[in-house]
Amino acid sequence: MSHSAEPVATTRSALAATLKIPMQRVLALAVFLCGWLHADTVLVLGFFNHSQSKNLDWIGESIAETLHDSLASEGLLVLDREDRMEAYRRLSMRPGAELTHASIIRVGESLDASRVIYGFYELLPAETPGSQSRGSLRITARILDLKQTRQGPVFGELGALEDLAALEVHLSWQSLEQLEGERAPAEQEFLKARPPVRIDAVENYVRGLLAISPEQRQRFFMQAARLDAHYSQPCFAMGKSFWEKKDYKTAAGWLARVTRSDPHYLEAQFFLGLCRYYDGDFAGAEQSFQLVAASVPLNEVFNNLGAAEQRRNNFPAAITSFEKALEGDSSDPDYQFNVGLAHWRAGQYTQATESFRAALDRNPNDSEATLMLGRALKAQGPRPAEPRLDDRVRLKLNYEEAAYRQLQAELKK
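A. View of the environment of Ala252. Looking at where Ala252 falls in the secondary structure, it is placed in helix H11 (residues 248-255). Spatially, the C-alpha atom of Ala252 lies 6.8 Å from that of Arg276, the residues being 24 residues apart in sequence. Once residues within four sequence positions are removed from consideration, Ala252 is found in contact with Leu272 and Cys275.

B. Representation of the packing of helix H16 (residues 333-345) against helix H17 (residues 349-362) in the model. Orientation of H16 relative to H17, taken along the N-to-C sense of each, is 160 degrees, at an axis distance of 8 Å. Here H17 runs roughly antiparallel to H16, going by the angle between their axes. You can see that H16 and H17 cross each other, and the crossing is left-handed. When H16 is examined against H17, the residues Pro333, Gln336, Phe337, Val339, Gly340, Leu341, His343 and Trp344 are found in contact with a partner set consisting of Tyr349, Gln351, Ala352, Ser355, Phe356, Ala358, Ala359 and Arg362. The class makeup of the residues in the contact of H16 with H17 is ten nonpolar, five polar and one charged.

C. Highlighting the pattern of salt bridges. Under the criterion given, the structure shown has 19 salt bridges. Between Lys249 and Asp279 there is a salt bridge, and its shortest N-O distance comes to 2.9 Å. Taken together, the residues Lys249 in helix H11 and Asp279 in the loop between helix H12 (265-278) and helix H13 (282-295) connect sequence positions 30 residues apart. Salt-bridge contacts for Glu368 lead to Arg392; the nearest nitrogen and oxygen are separated by 3.2 Å. Of the two residues, Glu368 sits in helix H18 (residues 367-377) while Arg392 sits in the loop between H18 and helix H19 (401-411), which places them 24 residues apart along the sequence. When salt bridges with common partners are traced through the structure, they connect Asp332, Asp334, Asp366, Glu368, Arg392, Arg394 and Lys396 into a single cluster.

What counts, and at which threshold
Every chain begins its residue count from 1, and numbering advances along the sequence as written. For this predicted model, a pLDDT threshold of at least 70 governs which residues receive local features, and a threshold of 80 or more governs which side-chain atom pairs are given and counted, while totals over whole chains, interfaces and linings are taken from all residues. Note that the side-chain values use all heavy atoms of the structure and ignore hydrogens as well as water. What counts as a helix is a DSSP run of H or I of at least four residues, what counts as a strand is a run of E of at least two, and both are numbered from the N terminus. Should any heavy atoms of two residues lie within 4.5 Å, those residues are counted as being in contact. Orientation is described by lines fitted to C-alpha atoms, with helices fitted over the stretch in contact, and by angles between N-to-C directions that extend from 0 to 180 degrees. Any angle that is under 35 degrees is reported as roughly parallel, and any over 145 degrees as roughly antiparallel; angles of 65 to 115 degrees are reported as roughly perpendicular and all others as oblique. Crossing handedness is read from the near helix: turned anticlockwise from the far helix by less than a right angle, it gives a left-handed crossing, and turned clockwise, a right-handed one. Gly is put with the polar residues, along with every residue not named as nonpolar or charged; the nonpolar set is Ala, Val, Leu, Ile, Met, Phe, Trp, Tyr, Cys and Pro, and the charged set is Asp, Glu, Lys and Arg. By definition here, a salt bridge exists when the distance from a side-chain nitrogen of Lys or Arg to a carboxyl oxygen of Asp or Glu is within 4 Å.

It is worth stressing that arrangement in space is one thing and function is another; only the former is reported here.
Structure representation (structure tokens):
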């Protein structure tokens, strides 16, 4: 199949036309069209260490992380650190090593990036002898436009090493201004939304990202959060760590601390909703999923919202939410099953029968759907003293915000 400009334009027109149907169905269509979508993406490389100290290697990753998070929180499509690491692996490049101009282009092209932000930093000695300052940090950056094969102007920051976080945020604003032009937010507004973070907290967070073992990562993240209570990024990392351990109460406490300016905010709310659900806080789970659904109308979000609503015995709302998920992907037997379960709990046995049959059409080996179909056919509701059947509702644990953002960007072209 050709990937020329003509099919891409045709695909965009077709997708735009489908906006008359629910967005989650457009997202389902995008799965089949992903090879044609080429929304502009930004790749931020780790900055190269030109100082004389290997102990400052972590700063290059810190600059890249701040740039990534700041740009992503403003709605730009920015490739994750994991994508960059995978590209290095495929191209047999050592992470942290300084890349040639040709290698920078290779990494960017391998990830289909439109623009690459890269640069270096150096440490200058303190100007005042005997000063408590560890010296001044000079950061130099450039943006390479791979589409236009054009190198942007040099820009950068200079300030005390102790003010690293503030330097990184201002560098992020300069980058955003170059990338977005007049669409970039006002400088003071941008800086106000991102208060400075203690340098020792930043160092611990980045060393956590670079750590190999889960135990080391958690120790560094915990220390980063302890050193600066308002530092959002380690809170998200800690929350996901405890989520993976199925310690839902502890995970919820960390995820609730993720701030709105953090690009992981909606993802944090999604997993916060799941943690609350598993911990029996269905009202809190409903609140989290509603917040995410308002910004990212994904099938899995509506499905989980319906589950929380059903556990609160709000069956009309649950049916509506489950049906929105089903509209996005009618082939998913879990969505069919959940619609059937909500109708069954509401005493609507005819509709429940139709949904359970649809679930079995898609998965004939679904023993639960077979059981519930039998109950619906006999118009048998919950029996006295019967264990709650709400636990049979099927949650979704995947979260595909990146795919949604990419499709949004493509449709705006």
